[in-house]
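# A closer look at the structure
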Amino acid sequence: QVQLVESGGGLVEAGGSLRLSCAASGSIISINAMGWYRRAPGKQRELVASVTRGGSTMYADSVKGRFTISRDNAKNTVYLQMVSLKPEDTAVYYCNANVWAAQGAGVRDYWGQGTQVTVSS
């Protein structure tokens, strides 16, 4: 089994910063891409940012220049540094990892439980 545990969400004023963390644990052989998604009230889930095992990154247009994704392969952890936060960034943020797991589980996507980010105006 593989678990993803997120931390770092909270309430912040517009213009403020937060850092999200997501640690993967369990029977992991290797982790391919890792990423962050978010779901705002009344909206569909959207990809915020992703990073490959080699460190290549991509971002949604709405967060470019404000969010930075990074990962520590030794710790199986992905981070999302968010600055200049806006009220429209308010959402539940979910961590995602494409994991090659042991014990015959193969390669599949795993999700964290979600962490709430609220940006007040």
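Everything below is about the structure printed above this text.
Small disclaimer: the values here were computed from a predicted structure and weren't measured.

Conventions and cut-offs
Residues numbered from 1 in each chain as written. Predicted model: local features only at pLDDT ≥ 70, side-chain atom pairs only at ≥ 80, totals over all residues. Heavy atoms only, no water. Helix = DSSP H or I, 4+ residues; strand = E, 2+ residues; numbered from the N terminus. Rg over C-alpha atoms; globule rule 2.2 N^0.38 Å. Buried < 20%, exposed > 50% of the residue type's maximum accessible area, 1.4 Å probe, protein only. Contact = heavy atoms within 4.5 Å. Areas by Shrake-Rupley, 256 points an atom, 1.4 Å probe, with all protein chains shown as cover. Lys, Arg positive; Asp, Glu negative; His and termini not counted. Charge placed at Lys NZ, Arg CZ, Asp CG, Glu CD. Disulfide = S-S within 2.5 Å.

### So, the overall build of the protein
A tally of regular secondary structure across the protein gives 0 helices and 11 strands. Ordered by position from the N terminus, the helices and strands of the protein form the series β-β-β-β-β-β-β-β-β-β-β. In summary, the protein has a C-alpha radius of gyration of 14 Å against a globular reference of 14 Å for 121 residues, a match within 12%. If you line up the protein on its principal axes, its C-alpha atoms span 50 × 25 × 20 Å. Looking at the protein residue by residue over its 121 residues, the buried ones come to 42%. Look at the contacts in the protein between residues 6 or more apart in sequence, and 56% of them connect residues 24 or more apart. Of the roughly 6200 Å² of accessible surface on the protein, 48% is carried by carbon and sulfur atoms. The average position of the 12 basic charges and that of the 8 acidic charges among the side chains of the protein differ by 5 Å.

### Observations concerning the state of the cysteines
Tallying each qualifying case throughout the model produces 1 disulfide. Linked covalently through their sulfurs, C22 and C95 form a disulfide whose S-S length is 2.1 Å. Classification of the bridge connecting C22 and C95 rests on its S-S torsion, roughly -80°, and on that basis the disulfide is left-handed. With C22 in strand β3 (residues 18-26) and C95 in strand β9 (residues 91-101), the pair connects residues that are 73 residues apart, well separated along the chain. Overall, the relative accessible area of 0% leaves C22 in the buried class. Relative accessible area serves as the criterion here: at 0%, C95 is assigned to the buried category.

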